[in-house]
Amino acid sequence: MADTAETRLPERGAGPFSAFEFLLAFRYLRARRKQGGVTLISIISFVGIMLAVTALIAVMSVMNGFRHELLTRLLGVQPHVYVYLPQDAAGADGDSGAIADSILQLDGVRQAGPVAVGQALVTSGRQAAFAQVAGVRPQDLRRFDLITGARGADEAGGGLVQGSAETFGEGRNGGNEIIIGSAMAGQLGVRAGDSVTLVTPRGAQTALGTTPRSKAYTVAGIITVGVQDLDTILVYMPIEQAALFFNKPAGGDYIDVRIDDPDAPDPVKEAIREITPANTLVFDWRRQNEAFWNALQVERVAMRLILMIIVLIAAMNIISGLVMLVKNKTRDIAILRTMGASQGAVMRIFLIAGAAVGVLGTAAGIVLGLLFTAFIGPIQDFVSWASGTQVFDPSVYSLYRLPARVDWGEVAFVAFWGFFTALLATLPPSWRAGRIDPVEALRYE
């Protein structure tokens, strides 16, 4: 019977990461009065990793929010792709519109139309404001995301706040109705239906030179982009009126192209070059805003690296806790070795103990980071109320709210980095524990 029992015993003991290794690892992490220092360091390590991971997720979510909000709001009024036709093609009546309609048929293009731009002074009789005027076709304006509310433009705070675009472009030479930004409307003290006067220095040519031109227009609607700088200067005008008012060619200055995926405009640009005349200049929004977007990207990468280092520093506290734990458990390690535990088993026990602190701290940090991102609006309001100051001034940041957007790829990377740093920090003391000689450890016991 004994022989039979012996033959049933495993020859090499329990396998790696077996139940008894986890049991001993978590037992060593429990609070005990005489080993309170080890427990305190473990708690400090847990809290440090948790706060560092929370900061990493929160900051990266805010950076992603900035990028998404600016992309949604700025590209709600700015083209994704600019198409500058040669002067002979752009100046011909109807040529620009026909080419824009051809571009609209390309895959990935959801909107294309000629645009005439100009600068003017807008007055209401009481106040005056500088305006960046964009002349567009009525059918193109009604397809803008800011008008339709598509692609999250309304969620981002954009859209018509007064009036409508239904009668925009009706009348002789496009009519006399315009749409202005909400900040400009507040500055001028006007509402939808009121009259304003536009003044431009690019007027009629006379024997004495160019004379200024002024004309009264009716405010058909008031629009907001959600970016204060744009809301202060934005004016939409029918392209026929813009061509007459600014002495522009009938085909406008360029073709405004909006695409399905603004982050990948290169395939659309190549397709546009194939159907447009030679010497056509085609570039995307990244070139138009090159300095700004490069700075935003560099800031995002630099912030990620800095916070990754903070997580790494927080994980280093695990080394202190495990070193003290190994020192306190030297006798236990020796006994385990004499009972048949291998060096790898001892190493895995302390590896599990240290990794558990890192994994639990990372998980708690992810939860806190996601909660911070979800409730960033109330948190911002509370901080403003508690401090008595406006912590996010739209006149400085050009956005009305502190944005935050969770990128689940970033969350997965943070989870991996938190676990990896914790595992890396546990290796030296765990290796040292596995190398303890049981004879030397028990010599003075």
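Residues numbered from 1 in each chain as written. Predicted model: local features only at pLDDT ≥ 70, side-chain atom pairs only at ≥ 80, totals over all residues. Heavy atoms only, no water.

K.L.:
I would appreciate a short explanation of the overall build of the chain in the present structure.
P.N.:
Of the regular secondary structure elements, the chain holds 19 helices and twelve strands. By the burial criterion, 45% of the 445 residues in the chain qualify as buried. Taken as a whole, the chain presents about 22300 Å² of accessible surface, with 59% of it coming from carbon and sulfur. (Helix = DSSP H or I, 4+ residues; strand = E, 2+ residues; numbered from the N terminus. Buried < 20%, exposed > 50% of the residue type's maximum accessible area, 1.4 Å probe, protein only. Areas by Shrake-Rupley, 256 points an atom, 1.4 Å probe, with all protein chains shown as cover.)

K.L.:
Before we go on, may I ask you to explain the environment of L230 in this structure?
P.N.:
For L230, the location among the structural elements is in helix α9 (residues 228-233). Judged by relative accessible area, L230 falls into the buried class, the value being 16%. Along the backbone, L230 and G181 are 49 residues apart, and their C-alpha atoms lie at a distance of 7.3 Å.

K.L.:
Help me understand empty space enclosed by the protein in this model?
P.N.:
Empty space left among the atoms is revealed by rolling a probe the size of a water molecule over them. Taken as a whole and judged by the stated rule, the model has three cavities of 30 Å³ or more. Space inside the largest cavity adds up to approximately 60 Å³. Together, 13 residues line the largest cavity, and S42, I318, G321, L322 and V357 are the ones closest to its centre. For the lining of the largest cavity, the secondary structure elements donating two or more residues are α3 (36-77), α13 (290-328) and α15 (343-374). The dominant element in the lining of the largest cavity, judged by the number of residues it contributes, is α13, at five residues. Considered class by class, the residues forming the lining of the largest cavity number eight nonpolar, five polar and no charged. Quantified by volume, the second largest cavity comes out at close to 50 Å³. L56, I57, M60, S61, N64, V406, D407, E410, V411 and V414 are the residues that line the second largest cavity. Going through the elements one at a time, α3 and α18 (408-434) are the ones with two or more residues in the lining of the second largest cavity. Considering each element in turn, the lining of the second largest cavity owes the most residues, five residues, to α3. (1 Å grid on protein atoms, 1.4 Å probe; cavity = no way out; pocket = protein on both sides within 12 Å on 5 of 7 lines; lining within 4 Å. Points joined across faces, edges and corners; volume = space filled by probe spheres on them. Nonpolar A, V, L, I, M, F, W, Y, C, P; charged D, E, K, R; others polar.)

K.L.:
I would appreciate a short explanation of a nonpolar patch on the surface in the present structure.
P.N.:
Taken together, the side chains of V367, L368, L371 and F375 make up a nonpolar region of the molecular surface, amounting to roughly 350 Å² of accessible area. The residue L368 is located in helix α15 in this model. Here L368 falls in the partly exposed class, since its relative accessible area comes to 35%. (Patch = residues over 30% accessible without salt bridge, like charges linked within 9 Å, V, L, I, M, F, W, Y side chains within 5 Å. Salt bridge = Lys/Arg side-chain N within 4 Å of Asp/Glu carboxyl O.)

K.L.:
What is the right way to look at the nonpolar core in this model?
P.N.:
Core analysis: the biggest nonpolar cluster contains 35 residues, and V53, I318, I333, I349 and F350 have the highest contact counts within it. Of all elements in the fold, only α2 (19-29), α3, α13, α14 (330-338), α15 and α18 reach the threshold of two or more residues within this core. The contact partners of V53, leaving out residues within four places of it in the chain, are V311, T362, G365, I366 and V414. Formed by 23 residues, the second largest nonpolar core is a distinct cluster that contains A129, M184, L198 and Y217. (Core = buried A, V, L, I, M, F, W, Y, C linked by side-chain atoms within 4.5 Å. Contact = heavy atoms within 4.5 Å.)

K.L.:
Just to check I follow, could you spell out the confidence of the model for the chain for this structure?
P.N.:
Regions with low pLDDT carry predicted coordinates that are not meant to be interpreted in detail. With 83% of its residues at a pLDDT of 70 or more, the chain shows a mean pLDDT of 80. In the predicted structure, residues 1-11 sits below a pLDDT of 50 and forms zero contacts with residues beyond four places in sequence or in another chain. Every residue in residues 152-156 is under pLDDT 50, and counting partners more than four places away or in other chains gives nine contacts. (pLDDT = per-residue confidence, 0-100.)

K.L.:
What exactly am I supposed to notice about the environment of A264 here?
P.N.:
Note that A264 resides in the loop between β11 (254-259) and α11 (266-275). Along the backbone, A264 and H80 are 184 residues apart, and their C-alpha atoms lie at a distance of 10.0 Å.

K.L.:
Any chance you could explain the packing of α14 against α15 here in plain terms?
P.N.:
What describes two packed helices is the angle between their axes and the distance between those same axes. The geometry of α14 relative to α15 is characterised by a closest axis approach of 10 Å and an angle of 145° between their N-to-C directions. As for how α14 packs across α15, the hand of that crossing is right-handed. Across the interface between the two elements, I333, L336 and R337 from α14 touch Q343, V346, I349 and F350 from α15. Among the residues forming the contact of α14 with α15, the class breakdown is five nonpolar, one polar and one charged. (Axes fitted to C-alpha atoms, helices over the stretch in contact; angles between N-to-C directions. Left-handed = near helix turned anticlockwise from the far one by under 90°.)

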